[in-house]
Amino acid sequence: MTLSLHSEFSAPDRAVVQVGGRLDAMTFGELDEAMLALLPQLPDGGTVVIDLAGLTYISSAGLRSFAKVRKGMRARGGHTLLLNPQPQVRKVFDIVKAVPVNEVFTSTQELDAYLDRMQRQITEGDDA
């Protein structure tokens, strides 16, 4: 199986990237190229949401790709959030502790609640 990618801007400061198939040594370059083109379009402090619902396999090469995205976004004051990982992909993240638990969401509703909470903290000055 190959890698499939689809991206869209769900808000001016937020891009959603849907990743499907296998992310491994043969396909990680496709993700790297797509993200290299997409990330400069986000403003500093923006958010990239990577929807993993269709991702069935990830290797260490795929993990490196996500680490590069996270590093690039952090350098610009932004965030990288992972959404809908399949159980086998989530297990890889858990084993290698590649992504902080608070950056992985099991549903769009959980992600939206988190984003709402983040925005309220900024607008209301609430640190809770």
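Residues numbered from 1 in each chain as written. Predicted model: local features only at pLDDT ≥ 70, side-chain atom pairs only at ≥ 80, totals over all residues. Heavy atoms only, no water.

Student: Is there a simple way to think about the overall build of the protein in this case?
Tutor: Summing up its helical and strand segments, the protein has four helices and five strands in all. The helix and strand sequence of the protein, counted from the amino end, reads β-β-α-β-α-β-α-β-α. Expressed as a percentage of the 128 residues in the protein, the buried residues total 41%. Within the protein, contacts between residues separated by at least 24 positions form 67% of all contacts whose residues are at least 6 apart in sequence. Element-wise, carbon and sulfur atoms account for 55% of the exposed surface of the protein, whose accessible area totals about 7,200 Å². (Helix = DSSP H or I, 4+ residues; strand = E, 2+ residues; numbered from the N terminus. Buried < 20%, exposed > 50% of the residue type's maximum accessible area, 1.4 Å probe, protein only. Contact = heavy atoms within 4.5 Å. Areas by Shrake-Rupley, 256 points an atom, 1.4 Å probe, with all protein chains shown as cover.)

Student: Explain the pairing of strand β4 (residues 79-83) to me, please; I cannot follow it from the model alone.
Tutor: For a regular strand, side chains alternate in direction, first toward one face of the sheet and then toward the other. β4 sits mainly inside the fold: four of its five residues count as buried. Here five bridges tie strand β3 (residues 47-58) to β4, and the two strands are oriented parallel to one another. Paired with V49 across the two strands is L81, which belongs to β4. Since β3 and β4 lie parallel, the crossover through helix α2 (residues 60-75) that links them has a hand, and here it is right-handed. Summarising the sheet, β4 and strand β5 (residues 104-105) pair through two bridges and their orientation is parallel. Bridge pairing in β5 links L83 to F105. (Pairing = 2+ DSSP bridges. Right-handed = clockwise from strand over helix to strand, strands pointing away.)

Student: What should I look at first to understand the confidence of the model for the protein in this one?
Tutor: Should pLDDT be low for a region, the predicted coordinates there are not to be read in detail. Residue-level pLDDT values for the protein average 86, and 85% of them are 70 or greater. Of all the helices and strands in the protein, helix α4 (residues 108-124) carries the lowest mean pLDDT, 69, while strand β2 (residues 14-23) carries the highest, 96. (pLDDT = per-residue confidence, 0-100.)

Student: It is not clear to me how the side chain of D32 should be interpreted in this structure. Could you clarify?
Tutor: Here D32 lies in helix α1 (residues 28-38). Since its relative accessible area comes to 18%, D32 is described here as buried. Excluding residues within four positions of it along the chain, D32 makes contact with S65 and K68.

Student: Hey, could you run me through the sheet that holds β2 in this one?
Tutor: For sheets, the rule is that strands pair by backbone hydrogen bonds, running either parallel or antiparallel. Across the sheet, five strands lie side by side as β1-β2-β3-β4-β5; this open sheet has mixed pairing. Since the sheet does not close on itself, it has two edges, and those belong to β1 (3-11) and β5, each with one partner. Bridge count for β2 against β3 is nine bridges, and the pairing is parallel. Across the sheet, L23 pairs through a bridge with I58, a residue of β3. Sitting on the sheet, α2 touches β2, β3 and β4, and the angle it makes with β3 is about 175°. The strands touched by helix α3 (residues 87-96) within the sheet are β3, β4 and β5, with β3 carrying the most contacts at an inclination of about 110°. (Axes fitted to C-alpha atoms, helices over the stretch in contact; angles between N-to-C directions.)

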